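Breakdown of the fold
Single-letter residue listing:
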Amino acid sequence: MAVVDPLLSVDRGLRSFALAEGILMLVLGLLALFFPVVASIWVTAMVAVAFLVGGLVGWITNLLRARQLRRWLTFSRLLVSTLFVVTGFWMLHQMGAGPERAAAPVASLALAVGLVFLVEGAVVIVASLAHQRLMGWGWGLVNGVVTLVLGLLILTMKFWNLSWVLGVLVGVSFLFSGLDLITFSASFHDGEAGSDVGG
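Since this is a predicted model, take the numbers as computed values, not measurements. (Residues numbered from 1 in each chain as written. Predicted model: local features only at pLDDT ≥ 70, side-chain atom pairs only at ≥ 80, totals over all residues. Heavy atoms only, no water.)

1. Here we look at helix H6 (residues 165–186)
Taking 1.5 Å as the rise per residue, H6 with 22 residues should run 32 Å; its terminal C-alpha atoms sit 32 Å apart, in good agreement. Those residues of H6 that fall on the buried side of the exposure criterion are Val 165, Leu 166, Gly 167, Val 170, Gly 171, Leu 175, Gly 178, Leu 181 and Ser 185. (Helix = DSSP H or I, 4+ residues; strand = E, 2+ residues; numbered from the N terminus. Expected span 1.5 Å × (residues − 1). Buried < 20%, exposed > 50% of the residue type's maximum accessible area, 1.4 Å probe, protein only.)

2. So, the packing of aromatic side chains
Remark: the centre distance and the inter-plane angle together describe each pair of aromatic rings, the angle taken between the planes. All chains considered together, the criterion is met by one aromatic pair. With a centroid separation of 5.1 Å and an interplanar angle of 75 degrees, the aromatic rings of Phe 51 and Phe 84 are classed as edge-to-face. On the criterion of sequence distance, the pair formed by Phe 51 in helix H2 (residues 36–64) and Phe 84 in helix H3 (residues 71–96) is long-range, its members being 33 residues apart. Looking at Phe 51, the relative accessible area reads 25%, which means it is partly exposed. (Phe/Tyr/Trp six-rings, centres within 6.5 Å; stacked < 30°, edge-to-face > 60°.)

3. Let's talk about the environment of Gly 151
Its place among the elements puts Gly 151 in helix H5 (residues 137–155). Judged by its relative accessible area of 0%, Gly 151 is buried. For the pair Gly 151 and Leu 118, spaced 33 residues apart in the sequence, the C-alpha separation amounts to 4.5 Å. Residues contacting Gly 151, with those up to four places away along its chain left out, are Gly 114, Phe 117 and Leu 118. (Contact = heavy atoms within 4.5 Å.)

4. Concerning the packing of H2 against H3
As a packed pair, H2 and H3 sit with axes 7 Å apart at the nearest point and diverge in direction by 150 degrees. As judged from the angle between their axes, H2 and H3 are roughly antiparallel. Crossing geometry of H2 relative to H3 is assigned as left-handed. Along the lines of polarity and charge, the residues of the contact of H2 with H3 split into 17 nonpolar, nine polar and one charged. (Axes fitted to C-alpha atoms, helices over the stretch in contact; angles between N-to-C directions. Parallel < 35°, antiparallel > 145°, perpendicular 65-115°, else oblique. Left-handed = near helix turned anticlockwise from the far one by under 90°. Nonpolar A, V, L, I, M, F, W, Y, C, P; charged D, E, K, R; others polar.)

5. Thoughts on H2
Here H2 contains 29 residues, and its C-alpha end-to-end distance of 42 Å stays within 8% of the 42 Å for a straight helix at 1.5 Å per residue. Among all positions of H2, only Pro 36, Ala 39, Ser 40, Val 43, Thr 44, Ala 45, Ala 48, Gly 55, Gly 58 and Asn 62 are buried.

6. Topic: a nonpolar patch on the surface
Where nonpolar side chains cluster on the molecular surface, the patch consists of Leu 19, Ile 23, Leu 24, Val 27, Leu 28, Leu 30, Leu 31, Phe 34, Phe 35 and Val 38 and spans about 940 Å² of accessible area. When residues of the nonpolar patch are assigned to their parent elements, the largest contribution, eight residues, is made by helix H1 (residues 6–34). Among the structural elements, Leu 24 can be located in helix H1. Residue Leu 24 is classed as partly exposed on the basis of its relative accessible area of 48%. (Patch = residues over 30% accessible without salt bridge, like charges linked within 9 Å, V, L, I, M, F, W, Y side chains within 5 Å. Areas by Shrake-Rupley, 256 points an atom, 1.4 Å probe, with all protein chains shown as cover. Salt bridge = Lys/Arg side-chain N within 4 Å of Asp/Glu carboxyl O.)

7. Observations concerning the packing of H2 against H6
Remark: H2 packs on H6, axes separated minimally by 6 Å, with the N-to-C direction vectors making an angle of 90 degrees. Relative to H6, the element H2 is oriented roughly perpendicular. Between H2 and H6, the residues in contact are Pro 36, Ala 39, Ser 40, Val 43 and Thr 44 and Val 165, Leu 166, Gly 167, Val 168 and Val 170, respectively. A breakdown of the residues in the contact of H2 with H6 according to their chemical character gives seven nonpolar, three polar and no charged.

8. Quick word on the environment of Ser 81
Note that Ser 81 resides in helix H3. Accessibility expressed as a relative area gives 7% for Ser 81, which makes it buried. Leaving out residues up to four positions away in the same chain, Ser 81 has contacts with Gly 55, Gly 58, Trp 59 and Asn 62.

9. Quick word on the nonpolar core
If you look at the biggest cluster of nonpolar residues, it comprises eleven residues: Val 43, Val 106, Ala 107, Leu 109, Ala 110, Phe 117, Ile 154, Leu 162, Val 165, Leu 166 and Val 170. Of all the elements in the fold, those that place two or more residues in this core are helix H4 (99–130) and H6. Broken down by element, the residue count for this core peaks at five residues, all from H4. For Val 165, the residues in contact, after removing those within four places along its chain, are Ser 40, Ala 110, Ile 154 and Met 157. (Core = buried A, V, L, I, M, F, W, Y, C linked by side-chain atoms within 4.5 Å.)

In structure tokens:
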């Protein structure tokens, strides 16, 4: 009778889960690339809900902790939470008003992503150039340049042509994540041939 190693069954479960998740991410990535506008709307809706929920939670926690915090700190936190709630509500309201009005929050979010890419790329470039003695600094420099160029491309696009940007970014991200998970699942060995056999 074969003796089953408990670690082997855990490895098999992890491999199967990683493979299934990788395939799912690949499929979602391809769908996002084939339907980038739909994916952009979906991403914007998720961000809007996150803003709304985060703002409401911020309001509740700040009011509960108001006695422990200074007045100016409580006021500033409540102001930020209100901004999150208003932004999330506006985004959801615009998206529920039809495709034409939904384009505004989608494009605005794409512009915000472009600005983040621009700043992040510049920071990574400066950090890489400041650490040229470290091995692999060139890859950081390349990463910074690519991120900076992506940010510039997004920011220089016409506002109403930004509706597909988020979908493409999400699709590419999902594709790479899926390939990474599938590669990770392939790194596990079955190990059945090496299992002990007892009488």
